[in-house]
Amino acid sequence: MIAGDGQPMLRGVKVVDLTSIVFGPYCTQILADLGAEVVKVEAPPAGDGFRYAGKSAATRGMGPGFFAINRGKQSVVLDLKTEDDQAVMRALLAEADIFVLNVRGKAAARLGLDYDSVRAIRPDIIYLHCVGFGQDGPYADLPAYDDVIQAASGATSLLPRVDGDPRPRYIPSLIADKVSGLHAAYAAMAALVHRLRTGEGQRVEVPMLEAFTSFMLVEHLGGLTFDPPNGPACYARQIDPNRQPVATTDGYVSIAAYTDRDWPALFQALGDASVLDDPRLATPADRFRNLALLYAAAARLAAGLTTADLLARCAAAGIPAQEARDIATIMDDAHLAATGFFQRRTHPSEGDYVEMRQPVRFAAVPPAAPGPPPVLDEQGDAIRARLRPRR
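Peer 1: I'd like to hear about the overall build of the protein, residue by residue, with values.
Peer 2: Along the protein, the regular secondary structure elements total 16 helices and eleven strands. Dimensions of the protein, computed from the C-alpha atoms along their principal axes, are close to 85 × 50 × 45 Å. For the protein, with 391 residues in total, the buried portion stands at 41%. Carbon and sulfur atoms make up 57% of the accessible area of the protein, which totals about 20,400 Å².

Quick look at the structure:
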């Protein structure tokens, strides 16, 4: 189970993936990118519902989101309500190192896939349960998707604090799913290290609400951190409505004057160091309390510059700054092109597509191109033939 030099770090690790949509598949995608063999178990007749999210007539069988988080996996369709397919599943689990599932606890028990049942098949298995809510709380049996986790965690209250529109709104990203998937990936690898040290498997629970709430409250617990509270919730800098990309004559630029030492350098670069002569900005504490004045002054001075000029001035002054790009043009970014972040590949059934390479680089392991995302049940016949008990 331990790879040799230069081999993918999770080479030889076998993962059975009984998850769908984004949370679980994002976790197992990371494991696959690191070299694990991931068998994706899908339910008949249509498999993972995310296969078809955003699908257009131009693709034969998969949507773009499925492409992004299922590359390099194998797909087998199993009807776990039948004894034959249950036998295949048990055989898969018998040789697995990690079992990842997002079936709710009671449903897993009905299928014979609760932890005790799976441990009876493979005593040292790492049983990674991706759930909506911690299983020792009152929400344990409730269904969960990204939207409801954003609402339950308080994330939908952040945009109203910025723009004054009181309506709760979602952050326009599957951010709770993806953050929870990252938590699940590191949890799986930590449990794997534990097993290498001790020989002991374990049940690992990754609840979306707790994972995403922890992520959001790193900065936004704010003054509620202390008992009694010494201020309101939220990191004031993050919800300041003036902290936005500034307009130039031909676009927008994000300027991150983050430390107090940055402000004199920025206004010098923008051609008006006298901004800091304002008595309301006399000391670091004053400047922190009156960040809105600093943001407004920077926006006023940037408005007469081109994007290229503003970026050049910030670079010369050592101030972090980037053009605020439209996400639809991100593949034109010069840095991402130079680093090979986007790879153009051809899928055997779906045609040409763009793939994002695994973003983390390991000096000891050269990057390897993963296999394409599987069509539904692509490896099913081979897996069933290998594992189904002969009668």
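Still to come is the rest of the account.
Peer 1: Talk me through the sheet that holds strand E2 (residues 37-42); I want residue IDs and the actual numbers.
Peer 2: On the basis of which strands lie adjacent, the open sheet formed by six strands has the order E3-E2-E1-E4-E5-E6 and parallel pairing. The sheet terminates laterally at strand E3 (74-77) and strand E6 (202-207), the two strands that pair on one side only. Averaged over neighbouring strand pairs, the angle between their axes works out to 20° when direction is ignored. Sheet strands in contact with helix H8 (residues 175-198) are strand E4 (98-101), strand E5 (126-131) and E6, and its direction is about 165° off that of E6.

Peer 1: Tell me about helix H14 (residues 307-317), and name the residues and values.
Peer 2: Those residues of H14 that fall on the buried side of the exposure criterion are Thr307, Leu310 and Cys314. One side of H14 holds all its buried residues, which, seen down the axis, span an arc of 70°. Facing away from the buried surface of H14 by more than 90 degrees, the exposed residues are Ala308, Ala315 and Ala316. Lining the buried residues of H14 we find strand E7 (246-247), strand E8 (252-255), helix H11 (262-270), helix H13 (291-302) and strand E9 (321-323). Once H14 finishes, Gly318 follows within two positions and takes phi at roughly 75°, a positive value.

Peer 1: Let's hear about unusual backbone geometry: which residues, and what values?
Peer 2: Backbone torsion omega between Pro44 and Pro45 reads 0°, so that peptide bond is classified as cis. Relative to the helices and strands, Pro45 resides in the loop between E2 and helix H2 (64-69). Of note, Ile21 is a non-glycine position whose phi angle comes to about 65°, a positive value. Structurally, Ile21 can be placed in the loop between strand E1 (14-18) and helix H1 (23-33). You will see that Asp377, though not glycine, has its phi angle at about 65°, which is positive. Examined against the element boundaries, Asp377 turns out to sit in the loop between strand E11 (351-356) and helix H16 (380-387).

Peer 1: Any chance you could break down a nonpolar patch on the surface for me, citing the residues and the numbers?
Peer 2: Judged by side-chain polarity, Ile327, Ile330, Met331 and Val354 come together as a nonpolar surface patch covering roughly 360 Å² of accessible area. Inspection of the secondary structure assignment puts Met331 in the loop between E9 and helix H15 (334-338).

Peer 1: Talk me through the nonpolar core; I want residue IDs and the actual numbers.
Peer 2: Among the nonpolar cores identified, the biggest contains 38 residues, and Val15, Leu31, Ile98, Leu128 and Phe212 are the most heavily contacted of them. Contributing elements (two or more residues each) for this core: H1, E4, E5, helix H7 (158-163), H8, E6 and helix H9 (208-220). With nine residues, the top contributor of residues to this core is H8. With residues up to four places along the chain from it excluded, the contact list for Ile98 reads Val13, Lys14, Val15, Val16, Leu31, Ile125, Ile126 and Ala188.

Peer 1: Report on the side chain of Asp262, specifying residues and quantitative values.
Peer 2: Relative to the helices and strands, Asp262 resides in helix H11. For the buried Asp262, which has no salt bridge, the nearest side chain bearing the opposite charge is Arg261, at an N-O separation of 6.3 Å.

Peer 1: Provide a residue-level description of the environment of Leu336, including the pertinent values.
Peer 2: Topologically, Leu336 is positioned in helix H15. Each C-alpha atom, one on Leu336 and one on Arg122, is 43 Å from the other, the two residues being 214 residues apart in sequence. Those residues in contact with Leu336 that sit more than four places away from it in its chain are Ile330, Phe341 and Phe342.

Peer 1: Can you lay out the sheet that holds E9 for me, pointing to particular residues and giving the numbers?
Peer 2: An order of E7-E8-E9 is seen for the three strands of this open sheet, with the pairing classed as antiparallel. One side of each edge strand has no neighbouring strand; the edge strands of this open sheet are E7 and E9. Examined bridge by bridge, E8 and E9 share three bridges and lie antiparallel to one another. Considered in E9, the bridge of Val253 is made with Glu323.

Peer 1: Mind laying out the pattern of salt bridges, listing which residues take part and the relevant values?
Peer 2: The final tally for this structure, using the stated rule, is 23 salt bridges. Taken together, the salt bridges that share partners define one network made up of Asp97, Arg122, Asp124 and Arg195.

Peer 1: Outline the packing of aromatic side chains, supporting the account with residue identities and numerical values.
Peer 2: The relative placement of two aromatic rings is captured by the distance of their centres and the angle of their planes. A complete count under the given rule lists eight aromatic pairs for this structure. Between Phe99 and Tyr127, the ring centres sit 5.7 Å apart and the planes meet at 75°, which makes this aromatic pair edge-to-face. Of this pair, Phe99 sits in strand E4 while Tyr127 sits in strand E5; the two residues are 28 residues apart in sequence, bridging distant segments of the chain. Here Phe99 matches Tyr127 in class, with each residue buried. Linked through ring pairs, Phe99, Tyr115 and Tyr127 together constitute an aromatic cluster.

How each quantity is defined
- Sequence order as written defines residue numbering, which begins from 1 separately in each chain.
- Only residues with pLDDT of at least 70 are given local features in this predicted model, and only at 80 or more are side-chain atom pairs given and counted; all residues enter the totals for whole chains, interfaces and linings.
- To obtain the side-chain values, all non-hydrogen atoms of the structure were included, while hydrogens and water were left out.
- Only DSSP runs of H or I with at least four residues qualify as helices, and only runs of E with at least two residues qualify as strands; both kinds are numbered from the N terminus onward.
- Relative accessible area decides the class of each residue, using a 1.4 Å probe on protein chains only: under 20% of the type maximum gives buried, over 50% gives exposed, and in between gives partly exposed.
- Each accessible area is a Shrake-Rupley result for a 1.4 Å probe, and residues are judged covered by the shown protein chains and nothing else.
- Following DSSP output, two strands are said to pair if at least two bridges run between them.
- Working convention: axes come from line fits to C-alpha atoms, limited for helices to the stretch in contact. Angles between N-to-C directions cover 0 to 180 degrees.
- What makes two residues a contact is simply this: any of their non-hydrogen atoms within 4.5 Å.
- This arc describes the spread of directions from the helix axis toward the C-beta atoms.
- Exposure above 30% relative accessible area and the lack of any salt bridge qualify a residue for a patch; like charges then connect within 9 Å, and the nonpolar side chains Val, Leu, Ile, Met, Phe, Trp and Tyr within 5 Å.
- Salt bridges are defined as contacts in which a side-chain nitrogen from Lys or Arg sits within 4 Å of a carboxyl oxygen from Asp or Glu.
- Among buried residues, those of type Ala, Val, Leu, Ile, Met, Phe, Trp, Tyr and Cys that are joined through side-chain atoms within 4.5 Å constitute a nonpolar core.
- The charge count treats Lys and Arg as positive and Asp and Glu as negative. His and the chain ends do not count.
- Aromatic pairing here means that ring centres of Phe, Tyr or Trp (its six-membered ring) are within 6.5 Å. Orientation follows from the plane angle: under 30 degrees is stacked, over 60 is edge-to-face, and everything else is tilted.

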